[in-house]
Amino acid sequence: MIIDSPLELIFPDLFYRLPAFAGCHDVFLKLEGFNVTGSIKIKTAVGLVENLERQGIAKPNKTVIVESSSGNLGLALSMVCAIKGYEFICVTDPNANRATVKGMELYGARVIVVKERDSAGGFLESRFKTINHILRSEPNAVWLNQYSNIANIKVHAEQTANEIACEFDQVDWVFVGAGTTGTLAGV
Ligand SMILES: Cc1ncc(COP(=O)(O)O)c(C=O)c1O
């Protein structure tokens, strides 16, 4: 097998059978962790960036892509932006794992770690404040906004859901990890 792009390292049809895991029923784990950059968020990253490209908003070597991420989407976007020629700024917080932050930087991303806690005791509002500041000061900056971008749902409706439907004649239950709930909504 010879590949021409790291983006070919996304495995749509890889399931691991756990025999009789739930009573007499088999359970299947959809193994997204073998995808390049190590998570399902590589599909989200490609979906969000290509959605901007289809609208003619993103221009390689000009557009600065900005996103808030706890790690996996940031790492995936760092690679996608490096391949496609976009500058990328990831706004994250101290909970992001150091290896992931280092990985983003190795792909050429600028990583901003916000330190100030918001009124709920977390960091999300602080991340949004920082993004607003970047958008006001950088004219070529575009915020992907995985939290409310319909492209986040669409990519999983078109890909993840179909990948499951193609593999199984009948699906009784689906359990989905939820952050933005894009994967969950799409499936
Ligand atoms: C490994 C992994 N699985 C699942 C999710 C949840 O994805 P979503 O944001 O679509 O709910 C995330 C979110 O970052 C993730 O990193």
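All figures in this text were calculated on a predicted structure; none of them were measured in a lab. (Residues numbered from 1 in each chain as written. Predicted model: local features only at pLDDT ≥ 70, side-chain atom pairs only at ≥ 80, totals over all residues. Heavy atoms only, no water.)

We now examine the packing of helix H1 (residues 41-54) against helix H2 (residues 72-84). The contact between H1 and H2 brings their axes to 8 Å, and the two run at 50°. Our classification of the angle between H1 and H2 gives oblique. You can see that H1 and H2 cross each other, and the crossing is right-handed. On H2, the residues that touch Lys 41, Ile 42, Thr 44, Ala 45, Val 46, Leu 48, Val 49, Glu 50 and Glu 53 of H1 are Asn 72, Leu 73, Ala 76, Leu 77, Met 79, Val 80 and Lys 84. A per-class count over the contact of H1 with H2 returns 10 nonpolar, 2 polar and 4 charged. (Axes fitted to C-alpha atoms, helices over the stretch in contact; angles between N-to-C directions. Helix = DSSP H or I, 4+ residues; strand = E, 2+ residues; numbered from the N terminus. Parallel < 35°, antiparallel > 145°, perpendicular 65-115°, else oblique. Left-handed = near helix turned anticlockwise from the far one by under 90°. Contact = heavy atoms within 4.5 Å. Nonpolar A, V, L, I, M, F, W, Y, C, P; charged D, E, K, R; others polar.)

The ligand sits among Ser 39, Ile 40, Lys 41, Asn 72, Gly 177, Ala 178, Gly 179, Thr 180, Thr 181, Gly 182 and Thr 183. At a separation of 2.7 Å, an oxygen atom of the ligand approaches a polar backbone atom of Gly 179. Gly 182 places a main-chain nitrogen or oxygen 3.3 Å from an oxygen atom of the ligand. Computed on the free molecule, the ligand has an accessible area of 390 Å², of which 72% lies beneath the protein chains in the complex. (Near = heavy atom within 4 Å. Polar contact = N/O pair within 3.5 Å; in protein donor to acceptor, adjacent residues only side chain to side chain. Areas by Shrake-Rupley, 256 points an atom, 1.4 Å probe, with all protein chains shown as cover.)

Membership of the largest hydrophobic core comes to 27 residues, with the highest contact counts inside it found for Val 49, Ile 65, Leu 77, Phe 88 and Leu 144. Taken together, the elements giving at least two residues each to this core come down to H1, H2, strand S4 (87-92) and helix H3 (98-106). Tallying contributions element by element places H2 first for this core, with 7 residues. When sequence neighbours within four positions are dropped, the list of residues in contact with Leu 144 reads Leu 48, Val 49, Leu 52, Ile 65, Val 66, Glu 67, Leu 77 and Asn 149. Grouped together as the second largest cluster of nonpolar side chains are 9 residues, Val 66, Ile 89, Val 91 and Ile 131 included. (Core = buried A, V, L, I, M, F, W, Y, C linked by side-chain atoms within 4.5 Å. Buried < 20%, exposed > 50% of the residue type's maximum accessible area, 1.4 Å probe, protein only.)

This part takes up helix H5 (residues 150-167). With 18 residues, H5 extends 25 Å from end C-alpha to end C-alpha; this agrees with the ideal 26 Å at 1.5 Å per step. At Ala 157, H5 shows its maximal bend, which comes to roughly 35°. Those residues of H5 that sit buried are Ala 151, Asn 152, Val 155, His 156, Thr 160, Ala 161, Glu 163 and Ile 164. Elements that come into contact with the buried residues of H5 comprise strand S1 (15-22), strand S2 (25-30), H1 and helix H6 (182-186). Two or three places before Ala 151, at the opening of H5, Asn 149 has a side-chain oxygen 2.9 Å from that residue's backbone nitrogen. (Expected span 1.5 Å × (residues − 1). Bend = angle between axes of the 7 residues up to and from the residue.)

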